[in-house]
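Understanding the architecture of this molecule
So the chains spell out like this:
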Amino acid sequence: VLLVRNRREFRALGSKCPHYSAPLSKGVLRGERLRCPWHGACFNIRTGDIEEYPALDCISCFKVTVKDGKVFITAKKKVLTLPAVTEHRQCLGLRDTSRRCLLNRNTMLLLGGGVAALVCAETLRQEGFTGRIIMATNEKHVPYDKSKLSKDMNLKAEDVYLRKPEFLQARGIEFWTEKEAVSVDFQEQKVHFTDGSSQKYHQLLIATGSHPGFLKVPGADLQNICTLQTPEESSKILELATGKNLVIVGASFIGTRLETAEKSQASRLPAAARDTNGISLQPGAAAELPAWVLAGPFQMLQNKGVKFHMKTELCELRGKDGKVTEAVLANGEKLPADVVVVGIGSAPNSAFLKGTSIARDDKGAILVNLHMQTNIPDVFAAGDVVTFPVALLDGDRSSIHHQQVAEAHGHCAALNMLRRGKELHTVPYFWTTLLGKSIRYAGCGKGYTDTVVKGSLEQQKFLIFYIRDGHVTAAASLNCDPMVSLIAEVLYLGKQISKEEAE
């Protein structure tokens, strides 16, 4: 139990964040908001309710009484050992509207099986919607934690489920797997699927996510060339690569995390990665981490046998008997390759909208406003598939492929599907782990012009402020918790941090 004193009031709460069990006693408290030190989830200390993601569950609240100068906490022993989701209804103080009412014939159709659609579905139920909710996805599984796929590749799909099928069934949320949309008739309010079926809707959420970039070089159709999007792909890569030569195309975070996971689980794995520009590592559009920021972790990977081939390009893949055996770089160097993993960015899954009147940008991302509304009435969009106005970019649009942002989108979309008039208000928060070292990033550093560095990059303990127009718009850290969460909270409250203050 965590006891919090806010001015003259005491609050007793669950002591661990429901996301990854971070100790909330080391978090950031501002007013009635308690922010997790690891991944930025935020909770109201009065109700335990979620105020910022990525946590999907609230924290438990306990009765506090003060008598004769002593503080007493009253809690049932069973509640202390139960997950926070068990107490979710109590914390939110909402009516028990988790079940569907057949008298309500309205249908909310959610395209996508990721966190944006999941949070949207749960929020609709929590806010009292009793009509039909359908989640339709081309995935084989209920929503799962994709961030774990590159961290622990021995896990089964069930081990990374965010919600079990029984959870969705209990709330009357229909979940259609391997159900891919091929077209939408916005005038008829109907979605058509690959199996020939169709479904009418009253309101539609498009949260179809993104897909990995494709290689466009000779030999790209050889066997054992993989992407990392699903639990099956994660297991396949581990099985194929153990004791073999692995080439990772792209030096993004998914690539470096994969190297870390592989090195800890494979017996012999000399690996090579290439970055087409050799300049930056970019986890989504919000976070721009210059290569020198990761000089320490990169050196650690190199010390473990990982070879980086920067400022060059893959120009050909060669094979034997239909399987890849060699990667040829633009500088003429040839790398032995039993397995190739491609991590060269992603593109929105919106091809099925081609030819419709929905507004998209030149990359295919759907344009939404701060209510997550598209230009089509009763059609909303969320997550990786959208580009939206970002407050930290002075309202300029951006696509930010972060789990926390997708969840915030889903929550906001649900409220506006219920006509609540809610504007998106969130600070992007990103994290990754390399060889046991956790990097945090909050804000939106796109277009930054200067940095302020505190600590030591060489000693792998630092805090970096990203400056644009004289003010901090983002921060990154290694071994400096909870500083990034503190900065995220300051930015959330709309306060500015000048470069001078950062220095």
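Before reading on, note that the structure itself is shown above.
Just so it is clear, the model here is predicted, and its values are computed rather than measured.

This paragraph deals with helix α3 (residues 115-126). Between its first and last C-alpha, α3 extends 16 Å over 12 residues, near the 16 Å set by a 1.5 Å rise per residue. α3 sits mainly inside the fold: 12 of its 12 residues count as buried. Those residues of α3 that sit buried are V115, A116, A117, L118, V119, C120, A121, E122, T123, L124, R125 and Q126. Of the residues trailing α3, G128 is marked for its positive phi of about 100°.

Mapping K16 onto the fold places it in the loop between β2 (9-13) and β3 (28-30). Separated by 43 residues in the primary sequence, K16 and I59 have C-alpha atoms spaced 7.9 Å apart. Leaving out residues up to four positions away in the same chain, K16 has contacts with S21, A22, L24 and I59.

This next bit is on the pattern of salt bridges. Across all of its chains, the model carries 18 salt bridges by this definition. We note a salt bridge from R420 to E127, for which the minimum N-O separation is 2.7 Å. Residue R420 is located in the loop between α8 (403-417) and β32 (429-434), and its partner E127 is located in the loop between α3 and β10 (132-136); the two are separated by 293 residues in the primary sequence. One salt bridge in this structure joins R318 and E316, with 3.4 Å as the shortest N-O distance. Classification of R318 as partly exposed rests on a relative accessible area of 31%. In this structure E316 comes out as partly exposed when scored by relative accessible area, which is 25%. Beyond isolated ion pairs, a larger network of salt bridges with shared partners links R33, R35, E51, E52 and E489.

Of all hydrophobic cores here, the largest spans 95 residues; its most connected members are L111, L204 and I206. Element by element, the count of residues in this core is highest for α3, at 8 residues. Apart from residues lying up to four places away in sequence, L204 is in contact with L109, L111, V184, F186, V191, D378, V379, F380 and M417. Ranked by size, the runner-up nonpolar core spans 15 residues in total, among them I225, V249, L329 and V340.

In this section: helix α5 (residues 231-241). Turning to α5, its buried residues number three or more, namely P231, S234, I237, L238 and A241. The buried residues of α5 occupy an angular sector of 130° when the element is viewed end-on, so they sit on one face. Trailing α5 by a residue or two, G243 shows a phi angle of about 75°, which is positive.

Taken together, 3 strands build an open sheet; the order of strands is β23-β24-β25 and the sheet is antiparallel. Both outer strands of the open sheet, β23 (314-320) and β25 (334-336), are each paired with one neighbouring strand and no more. Taking the axes of each pair of neighbouring strands and ignoring which way they run, one obtains an average angle of 30° across the sheet. As judged from the 3 bridges shared by strand β24 (residues 323-329) and β25, these two strands associate in the antiparallel manner. Within β25, the position partnered with V328 by the bridge is K334.

Take the sheet that holds β32 next. Pairing in this open sheet of 5 strands is antiparallel, and the strands run β32-β33-β36-β35-β34 from one edge to the other. Because the sheet does not close on itself, it has two edges, and the strands there are β32 and β34 (450-456). Direction aside, the axes of adjacent strands within the sheet are offset by 15° on average. Across 7 bridges, the pairing between strand β35 (residues 461-468) and strand β36 (residues 471-478) is antiparallel. Bridge pairing in β36 places Y466 opposite A474. Against the sheet, helix α9 (residues 483-492) touches β32, β33 (437-443), β35 and β36, its axis set at about 160° to β36.

With that settled, consider the side chain of H309. One can find H309 in strand β22 (residues 306-310). Within the structure, H309 has its side chain in polar contact with the side chain of E333 (distance 3.3 Å).

Close contact between α3 and α8 brings their axes to 7 Å; oriented N to C, the two are set at 35°. Seen along the crossing, α3 lies across α8 with a hand that is right-handed. From α3, V115, A116, V119, C120, T123 and L124 reach across to α8, where they touch Q403, A406, E407, G410, H411, A414, L415 and M417. When its residues are assigned to classes, the contact of α3 with α8 shows 9 nonpolar, 4 polar and 1 charged.

A few words now on unusual backbone geometry. The residue after D481, namely P482, is reached through a cis peptide bond having omega 5°. Within the fold, P482 resides in the loop between β36 and α9. The phi dihedral of D378 is positive, around 65°, even though this residue is not glycine. Here D378 is to be found in the loop between β28 (366-367) and β29 (379-381). Exposure remark for D378: the relative accessible area of 24% places this residue in the partly exposed category. Its identity as a non-glycine residue notwithstanding, Q460 has a phi of 60°, on the positive side. Here Q460 is to be found in the loop between β34 and β35.

So, on to the pairing of strand β1 (residues 2-6). Of the two faces of β1, the one holding L2, V4 and N6 is buried and the one holding L3 and R5 is not buried anywhere. For β1 and β2, the ladder comprises 5 bridges, and the chain directions are antiparallel. Looking across to β2, one finds that R5 is bridged to F10. In this structure, the hairpin formed by β1 and β2 is closed by a connection of 2 residues, where R7 is found at a positive phi of approximately 60°.

What follows deals with the pairing of strand β15 (residues 203-206). Neither face of β15 is left uncovered, since the one carrying Q203 and L205 and the one carrying L204 and I206 both have all their residues buried. Summarising the sheet, strand β9 (residues 107-111) and β15 pair through 4 bridges and their orientation is parallel. Bridge pairing links L109 to L204 in β15. Both β15 and β29 contribute to a ladder of 3 bridges, which runs parallel. The partner of L204 across the bridge, within β29, is V379.

Parameters at a glance
- Residues numbered from 1 in each chain as written.
- Predicted model: local features only at pLDDT ≥ 70, side-chain atom pairs only at ≥ 80, totals over all residues.
- Heavy atoms only, no water.
- Helix = DSSP H or I, 4+ residues; strand = E, 2+ residues; numbered from the N terminus.
- Expected span 1.5 Å × (residues − 1).
- Buried < 20%, exposed > 50% of the residue type's maximum accessible area, 1.4 Å probe, protein only.
- Contact = heavy atoms within 4.5 Å.
- Salt bridge = Lys/Arg side-chain N within 4 Å of Asp/Glu carboxyl O.
- Core = buried A, V, L, I, M, F, W, Y, C linked by side-chain atoms within 4.5 Å.
- Arc of directions from axis to C-beta.
- Pairing = 2+ DSSP bridges.
- Axes fitted to C-alpha atoms, helices over the stretch in contact; angles between N-to-C directions.
- Polar contact = N/O pair within 3.5 Å; in protein donor to acceptor, adjacent residues only side chain to side chain.
- Left-handed = near helix turned anticlockwise from the far one by under 90°.
- Nonpolar A, V, L, I, M, F, W, Y, C, P; charged D, E, K, R; others polar.

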